[in-house]
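# Report on the structure
Single-letter residue listing:
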Amino acid sequence: MSIVQIENVTRDYTQGSHTVRALRGVDLTIEPGEFVAIMGASGSGKTTLLNLVGGLDGPTSGSVRIEDRELKDMTAAERSELRRDRIGFVFQAYNLVPVLSAVENAEMVLLLRGEDEGARRELTMNILASVGLEGMENRRPNELSGGQQQRVAIARAIAGDPALVLADEPTANLDSETGNEIISLMAELNQARGITFVFATHDPKVMAAARRVIVMEDGQVKEDRRK
Amino acid sequence: MLLRMAFRNLFRNKRRTLITMTAIAIGMALIDVTITIQHGSYTDLINRGVSSIAGHVVVRSKGVSDDPESRVPDSSAHADRLAGVAKDAKVQRRIMLGGLLTSTSGSAAVQAVAVEAAVSSEIGSMYDEMISGDWIKTDRDIIIGAGLAETLDVTEGEKLVFMGQSGGEMTSRLFRLRGVFKTGAADVDGFMVVMPLAAAQEIVGGNDVATMVTLHLDDAGAWPEAVAAARTAFEGVDVDVLSWKGAMPDVDAFIKADRRIGQGMLFALFIIVSMGVFNTFLMSVLERTREFGVLQSIGMKPNQIAKLVLVEGALLGFFGVLLGSLLGAAFSYSLIVNGLDFSDSMGEGMSTSGVVMATHFYGAWDIPRMIIFAIACFIVTFIAAIWPAWKVSRLEPVKALRNQG
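Residues numbered from 1 in each chain as written. Chains lettered and ligands numbered in written order. Predicted model: local features only at pLDDT ≥ 70, side-chain atom pairs only at ≥ 80, totals over all residues.

A few words on the interface of chain A and chain B. In this assembly, 20 residues from chain A lie in contact with 17 residues from chain B. Tallying contributions element by element places helix α2 (residues 76-86) of chain A first for the side of chain A that touches chain B, with 6 residues. Here the side of chain A that touches chain B is composed, by residue class, of 11 nonpolar, 4 polar and 5 charged. (Contact = placed C-beta atoms within 7 Å. Helix = DSSP H or I, 4+ residues; strand = E, 2+ residues; numbered from the N terminus. Nonpolar A, V, L, I, M, F, W, Y, C, P; charged D, E, K, R; others polar.)

Printed below as a string of structure tokens:
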């Protein structure tokens, strides 16, 4: 079973009296365990595609299936549950909850699942240690560097043991060295845990690390190559 | 975690939270102070009315409202019967009598209240307002208001003649001025006199008659039970048994109207407070739109996000109301102990239906109403958070994430 199946997906946005077609008939299948980079210029439709795969947005037409479940047939609450249980997100701007500490941010998904506090805290501490944040568990986001915040975001994305992690420009706000560390970390997690990673990125370092590169142009898949 | 997040969210913008909480607290404190002043003034008005022109329970002849001169015979028997209604209560017989009071210097129309001197001094009324002389001791003594004393140009010890009407005939009786009272209300001080019951019975020509027989309770709040017991005790007797409300309908109507006005003001205060809270919540929610998008992206359901905002509203309301209640209780305590002196602004004072209103108000605890209004204030604050919570639960994740707020 494919983890992502996209068939003939279009997505239109209305801006004033104009309709902008962000995606124009995209077909795509992603298998479990893949490490995929979606490349393309700004406005090519990368982020739109990622949002559709994560159920954060719906297609104008076509079908988006995650593990064989059609997203447009699900309610908002069911899509939330799907994200909570099967999908992790990593954003360019980290998007941590500022009032929560690193460990509280990272354990959020487990908390939403109603996991027992003791087990939840132990698991999250281990994950934070595995992403190199041992000793920083109780710091708030504003007490962490950009790279450290992105590590917390990755810990949050994988804490719930998802099948799929969607990362939108995860290295764009980081310096080159920190960006490399983050890419290596995600590649390790992909290998060690078998989590599928899909990146929307401009970063050539991510492209170099990816085992499959999808190039988008004007809302269409221009190129899809496996290494 | 929801509670912890809500708590921390409130303290993200400490200044805004403190301003909102202070607004709730001041609103709540004002409500408590208003309740305390209202309850104090009503209690005082009722007490004054009960002690001067009525009682907690009033027994009078049927149809007295049609004929003010109508009186009950056998008032002693009624007094004995009424005394059995409540332990340690005091029973008073009164005659209300209009007439003309004449001194060597002039005459004035007066309203006489004839009382049993010993009981009357115990239950208060004009006894508490004496400014010179003594209270009634003999059947020849009369007490008059300061304004009347001035009009008639009399001092203690001088003779006064009261001329009253009974059964269509005029009767005169000689009195000696024993003392002078001053309530501050010109219409009472210039019009009212107090005389012994026996003297009034002599004037109206009835040995045992009274306009009313009244029961005065130590615990004023027990009047409904006392009225019920009195009605049972007087079953089959040809008299009316009334509560203080029935005996002083104007005072009761005044309190009801004043309370309604007060409640209108409190309602306006509620609206102002809730608009403030609503504004705060809306701002707080709108500036966190992106964060709510993030929470949705990691799997928080729309109803969980709404709950988070509602918990924030509940916390803000709870602590605002708690702080306000403490402040209100402190101000109320001061009003109960020290009171508020309006004698300068109220000047001569006022009366309603012959009951003098105090110019120095003392508050009184009305704990049940304070609790009801505290709960209402909390609910209003909570309601103000409902729309922002609903709005946030309807956010589309992708639009929320694009928000730069």
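Next up on the list: the nonpolar core. The biggest cluster of nonpolar side chains holds 108 residues, and the ones touching the most others in it are Val 36, Ile 38, Ala 155, Val 198 and Phe 199 of chain A. Element by element, the count of residues in this core is highest for helix α12 (residues 302-338) of chain B, at 8 residues. When residues no more than four places from it in sequence are discounted, the contact partners of Val 36 of chain A are Ile 30, Phe 197, Val 198, Phe 199, Ala 210, Arg 212 and Ile 214 of chain A. Core analysis: the second largest hydrophobic core is formed by 66 residues, Leu 97, Val 110, Ile 142 and Ala 200 of chain B among them. (Core = buried A, V, L, I, M, F, W, Y, C linked by C-beta atoms within 7 Å. Buried ≥ 20, exposed ≤ 12 C-beta atoms within 10 Å, placed from the backbone.)

A few words now on the packing of α12 of chain B against helix α15 (residues 386-393) of chain B. All names here are of chain B. For the pair α12 and α15, interaxial distance at closest approach is 8 Å and the crossing angle is 155 degrees. With respect to each other, α12 and α15 are oriented roughly antiparallel. Handedness of the crossing formed by α12 with α15: right-handed. Touching Pro 302, Asn 303, Ile 305, Ala 306, Val 309 and Leu 310 of α12 are Pro 388, Ala 389, Trp 390, Val 392 and Ser 393, all from α15. Per-class residue counts for the contact of α12 with α15 are 9 nonpolar, 2 polar and no charged. (Axes fitted to C-alpha atoms, helices over the stretch in contact; angles between N-to-C directions. Parallel < 35°, antiparallel > 145°, perpendicular 65-115°, else oblique. Left-handed = near helix turned anticlockwise from the far one by under 90°.)

Structurally, the α-helix is built with 3.6 residues per turn, so residues lying three or four positions apart point the same way. All names here are of chain B. Every buried residue of helix α8 (residues 223-233) is listed here: Trp 223, Ala 226, Val 227 and Ala 230. The buried side chains of α8 occupy one side of the element, clustering within an arc of 100 degrees when seen end-on. Opposite the buried face of α8, at more than 90 degrees from it, the exposed residues are Pro 224 and Thr 232. Among the structural elements, β1 (57-61), α3 (75-83), β9 (212-216), β10 (239-243) and α9 (244-247) are those in contact with the buried residues of α8. (Arc of directions from axis to C-beta.)

Domain parsing of chain B yields domain 1 (2-48 + 252-402) and domain 2 (55-246). Just the C-alpha atoms count here: the centres of domain 1 of chain B and domain 2 of chain B sit 47 Å apart. (Domains from an automatic or database assignment.)

What follows covers the confidence of the model for chain B. Should the pLDDT be low somewhere, the predicted coordinates at that spot are not to be read in detail. All names here are of chain B. Put simply, chain B has an average pLDDT of 85, and 92% of its residues get 70 or more. No element of chain B has a lower mean pLDDT than strand β12 (residues 350-352), at 65, and none a higher one than strand β5 (residues 141-145), at 93. Interface confidence in the predicted complex, given as ipTM, is 0.86; pTM for the same model is 0.72. (pLDDT = per-residue confidence, 0-100.)

All names here are of chain B. Among the residues of helix α7 (residues 197-204), those classed as buried are Leu 197, Ala 199, Ala 200, Gln 201 and Ile 203. Structurally, α7 contributes buried residues whose contacts are with β2 (90-102), β3 (107-115), β6 (159-166), β7 (169-181) and β8 (192-196). In the segment just after α7, Gly 205 is the residue with positive phi, at about 75 degrees.

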